[in-house]
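Each chain, written out:
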Amino acid sequence: MRWSLLALAGCAATALAQDPFAPLLEDTRPLATRWQVDYSSNLKLGVGYVSEDNFKFGQYNGLHKEGAVLLGDLLWRGNNDASYWQLSGTDLGLQTREAGARWGKTGKFELSFEMDNQLQVRNDSGRTPFTGTDVLRLPEDWIGASGTGGFTNLNNSLQGFDRELSRDHYAVGLQAQLSAAWSLSANLGYEDKQGTAETGAAFYSDAADGHAAILPQEINYQTSDFDLALSYSGDRLQLTGSWQYSDFDNDAELLRWQNPYSGFQTTVSYPAGEGGLGQAPDNTLNRVRLLGVYTFNPRWRLQVDGSFARTEQDQDFADYTVNPTLQIDEPLAVASLDGQVDTGVLDARLYFRPLPKLNLEARFHGEERSYQGDRNGYRYVPGDAASQSATALTVYNTLHDHSRNRFSLEGSYRLPWRSKLWLEYGYEEVERKNAAVETTQENTLDLRYRIRPLDSVSTTLKLGYADRAADTYRWDQSYYARLDAELINATPASQRYSNHPLLSQYHLANRERSELQWDVNWQPAHAWDVSANLLWREDDYDKTDLGLRNEELARLGVNLGWLPSAGLRLGLYASFDRYQSQQRGRSFRGGQEKNAFAIYPPLPQASDPARDWDTGTDDEATTLGLNAQWQAGEALSLSADYSYVATNAAYDFAAGTASGVDTTPLPDAESEQHHLLLEAAWHLRDNLSLQLAYQYWNYSQDDWALAGVTTSSIDKVLTLGEQEADESLHYIGTSVIYRWQ
């Protein structure tokens, strides 16, 4: 026995002597680390199943149809001493797939190809009696009427349609290193957008009495683009010059639709009547850009980014009407717009560090947009329903030149207690042509302070104030720019306006803005982290009588993380958003009641403040969420995430004392969403895993604008009659992930 023990001890000693570091060869790295370091490529293949058709859950992710879907992701990379390559793809089995390929030689060039497919689905509960693409027709047994209530064959004629828009983008690129300092890049792209949207159209001889319909609109857009850039990188100067070309093509020039209404003249009423809507015109864009950075010394640096773009549109105008029986006395003034828009943009930044703790930055942003084109008059045909309008009713196209210049200066200084202070002042001036306000000027002041008083606590506070002042509000500008002198002279001076003289457009009105932001991060213990953020902003349109008078935004968010053990992490998040606004309008008719300048009773409606109405909106959104990640063992990882979102839109409506002003209150609009996501991964080997995913989705809404509204609920508007969303579904997916070097 003694000899046996000695022999075993000797064998052990011999083995240890042969490989004294054998225990250190055992791989104790976490599995995730081994994946990242040891494997450069992976392939994921699987199958998923959606339990119900939907349009909210699958609005952007391609999971909108009931049934099975293929799952596939790929990352395949390789290299040698001289070259490298990569193939990649995500969601390859869905209509939202992305894919790419790259090949290059290090330090010399790279060729690339990218594909990006996107799909948007919308509420598909709507129905329409129209069929066709660029020409929409009604059923042969359609029965016309002067209002939707008389469409006795409507229900038998309705059919659903997919409200989906797909966007497929393809691009090839080249990046080449010409020398140590010079490089070249070129990219060619093509995008195809297809699907069905919706648009509104109407027949009318009097704009106050239109007979309208919501129409399915076929989308068929193609965009081609090309860009070329040459870059230089030196010790002090970095410079890039580029040229971009884009061409937009719309296959449809005109959308024609059959009139479902009767009550017009025979050639306009159903079945002979037809209307037409012009579609987005073809156009081209050329842009040149120069971007440069120059470092004078370690304390001074200048960055300049300038561009000039020209957009051109020369598509032939459609005729005044598609109805050949309507009388046209005067043809179009020109065959096409022959329009051109030039846009110049300049951004400049100057950085300066006068002291070790002090940084200064001066910024300038300027943009100039000018329209090139003739001002012409057009004797339109009212709503494809009446003969050409009288000469006095000629309308004119207007040009809207625009310039914006903004200067700002920011300083930052490092203070004691690991803190830093920023102060920024800005001034902006905007000039517009053919707008109610020619010039607006805005002064802004921002103060930001960041401090880390303890290793476990950091916080940032930002205060902002902005004051925008507008020059004289020319409420009649659009009226005089758009209409003919004959009509203007025949109209009483007190009625020469398009928008009420007391109505201010919010983006042109005087405004005071106050803003507060606060962010805090706290780590009370090694296993805990807490963060919170607060945003409050108020816009006060203090000089506005009619229009938007006040709006306020408040947002609060909290995140909590806990790491009870090395393999388990728990999280909780919550947020509350609230938007409130107040606006005022006035209810009045045309003719003598349009006089907005009377001061003695009896007051016409446009001058009577008793006909004012006020509405206040109060939109709230509450979000709550829980998540967990658990490494249950070397071969098993689990995760869960649950989120709850509730929204409520309330409307507070009040009206003056005048008779005929409706004071019926509007009900609230609400929505509620539950989303649960569970995932599990079983790692069979270092390079092979099995993944399982489950999702539960529940979404419901209570919206007065949709509830109980059918296609014929509105007397002279044939709608789609879409209904509120009410979705409850399950999704399950399983896949295999394989990794290799």
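Residues numbered from 1 in each chain as written. Predicted model: local features only at pLDDT ≥ 70, side-chain atom pairs only at ≥ 80, totals over all residues. Heavy atoms only, no water.

A. Seen up close, the overall build of the protein chain. Broken down by element type, the protein chain carries five helices and 34 strands. Taken over the C-alpha atoms alone, the protein chain extends approximately 125 × 70 × 55 Å along its principal axes. The buried share of the protein chain, taken over its 741 residues, is 35%. Once local pairs closer than 6 in sequence are excluded, the contacts in the protein chain between residues at least 24 apart make up 63%. Only carbon and sulfur atoms are counted for the fraction: they give 55% of the accessible area of the protein chain, which is about 40800 Å². Positive and negative side-chain charges in the protein chain, numbering 62 and 101 respectively, have mean positions lying 9 Å apart. (Helix = DSSP H or I, 4+ residues; strand = E, 2+ residues; numbered from the N terminus. Buried < 20%, exposed > 50% of the residue type's maximum accessible area, 1.4 Å probe, protein only. Contact = heavy atoms within 4.5 Å. Areas by Shrake-Rupley, 256 points an atom, 1.4 Å probe, with all protein chains shown as cover. Lys, Arg positive; Asp, Glu negative; His and termini not counted. Charge placed at Lys NZ, Arg CZ, Asp CG, Glu CD.)

B. Focus on the nonpolar core. Ranked by internal contacts, the top residues of the largest apolar core, which has 24 residues, are Phe-130, Phe-151, Leu-215, Trp-257 and Leu-718. Elements that contribute at least two residues to this core include exactly strand E10 (182-203), strand E11 (211-233) and strand E13 (254-258). Leave out the neighbours within four places in its chain, and Phe-151 touches Trp-142, Ile-143, Gly-144, Ala-145, Pro-260, Tyr-261 and Leu-718. Grouped together as the second largest cluster of nonpolar side chains are 14 residues, Val-50, Leu-71, Leu-119 and Leu-729 included. (Core = buried A, V, L, I, M, F, W, Y, C linked by side-chain atoms within 4.5 Å.)

C. Examining the pattern of salt bridges more closely. One pass over the structure, following the stated rule, counts 29 salt bridges. For Asp-305, the salt bridge goes to Arg-289, with nearest N and O atoms at 2.6 Å. Placement of the pair is Asp-305 in strand E16 (residues 300-313) and Arg-289 in strand E15 (residues 283-297), with a sequence separation of 16 residues. Residue Asp-618 pairs with Arg-578 through a salt bridge whose shortest N-O separation is 2.6 Å. With Asp-618 in strand E29 (residues 612-633) and Arg-578 in strand E28 (residues 568-586), this pair connects stretches of sequence that are 40 residues apart. (Salt bridge = Lys/Arg side-chain N within 4 Å of Asp/Glu carboxyl O.)

D. The side chain of Lys-420, seen in detail. Within the secondary structure layout, Lys-420 lies in strand E22 (residues 419-432). One buried charged residue, Lys-420, remains without a salt bridge, the closest side chain of opposite sign being Glu-410 at 8.0 Å. Once you skip the residues sitting within four places of it in the chain, Lys-420 turns out to touch Asn-359, Ser-412, Tyr-413, Arg-414, Leu-415, Arg-448, Tyr-449 and Arg-450.

E. Structural view of the pairing of E10. The pairing of strand E9 (residues 164-177) with E10 spans 13 bridges and is antiparallel. Residue pairing across strands places Leu-174 opposite Ala-186, the latter belonging to E10. From the end of E9 to the start of E10, which pair antiparallel, there are four residues. Inspection of the sheet shows E10 paired to E11 by 22 bridges, in the antiparallel sense. Across the sheet, Gln-194 pairs through a bridge with Asn-220, a residue of E11. (Pairing = 2+ DSSP bridges.)

F. Seen up close, the confidence of the model for the protein chain. For the protein chain, mean pLDDT is 93; residues scoring 70 or higher make up 95% of the total. For residues 1-26, every residue scores under 50 in pLDDT, and the model assigns this stretch one contact once sequence neighbours within four places are set aside. (pLDDT = per-residue confidence, 0-100.)

G. Focus on unusual backbone geometry. With an omega dihedral of 10°, the bond running from Tyr-270 to Pro-271 counts as a cis peptide bond. Looking at the element boundaries, Pro-271 is found in the loop between E13 and strand E14 (274-278). The omega angle of the peptide bond from Pro-601 to Pro-602 is 0°, so this bond is cis rather than trans. One can find Pro-602 in the loop between E28 and E29. Phi is positive for Asp-384, which is not a glycine, with a value near 55°. Position of Asp-384 among the secondary structure elements: in the loop between strand E19 (377-378) and strand E20 (395-396). On the accessibility criterion, Asp-384 (9% relative accessible area) is buried.

H. Representation of the packing of aromatic side chains in the model. A complete count under the given rule lists 26 aromatic pairs for this structure. Each ring, one from Trp-528 and one from Trp-562, has its centre 5.1 Å from the other, and the planes form 15°; the classification is stacked. One end of the pair, Trp-528, is in strand E26 (residues 528-540); the other, Trp-562, is in strand E27 (residues 547-565), and 34 residues separate them in sequence. Judged by relative accessible area, which is 31%, Trp-528 ranks as partly exposed. Taken together, Trp-76, Trp-85, Tyr-738 and Trp-740 form an aromatic cluster joined through their ring pairs. A cation over an aromatic ring shows up here: Arg-375 above the ring of Tyr-396, its NZ or CZ 4.3 Å from the ring centre. (Phe/Tyr/Trp six-rings, centres within 6.5 Å; stacked < 30°, edge-to-face > 60°. Lys NZ or Arg CZ within 6 Å of the ring centre and 35° of its normal.)

I. The sheet that holds strand E7 (residues 135-136), seen in detail. Pairing within the open sheet is mixed, and its three strands lie in the order E7-E13-E14. Of all strands in the sheet, those bounded by a partner on one side alone are E7 and E14. Relative to E14, E13 is paired through five bridges, and the arrangement is antiparallel. Across the sheet, Leu-255 pairs through a bridge with Leu-277, a residue of E14.

J. Geometry of the side chain of Asn-323. Among the structural elements, Asn-323 can be located in the loop between E16 and strand E17 (339-355). Note on Asn-323: relative accessible area 6%, which makes it buried. Of note is the side chain of Asn-323, whose polar atom sits 2.7 Å from the side chain of Thr-325. (Polar contact = N/O pair within 3.5 Å; in protein donor to acceptor, adjacent residues only side chain to side chain.)

K. Inspection of a negative patch on the surface at higher detail. Together, Glu-253, Glu-312, Asp-314, Asp-316, Asp-338 and Asp-374 make up a region of like negative charge exposed at the surface. Note that Glu-312 resides in strand E16. (Patch = residues over 30% accessible without salt bridge, like charges linked within 9 Å, V, L, I, M, F, W, Y side chains within 5 Å.)

L. Structural context of the pairing of E22. As paired strands, strand E21 (residues 402-415) and E22 are joined by 14 bridges and run antiparallel to one another. Paired with Gly-411 across the strands is Leu-423, a residue of E22. Between E21 and E22, which pair antiparallel in sequence order, lie three residues; one of them, Trp-417, sits at a positive phi of approximately 60°. As paired elements, E22 and strand E23 (residues 439-454) share 13 bridges and run antiparallel to each other. Looking at E23, one finds that Val-430 is bridged to Thr-440. The antiparallel pairing of E22 with E23 creates a hairpin that spans six residues between the two strands, and Asn-434 there sits at a positive phi of about 55°.

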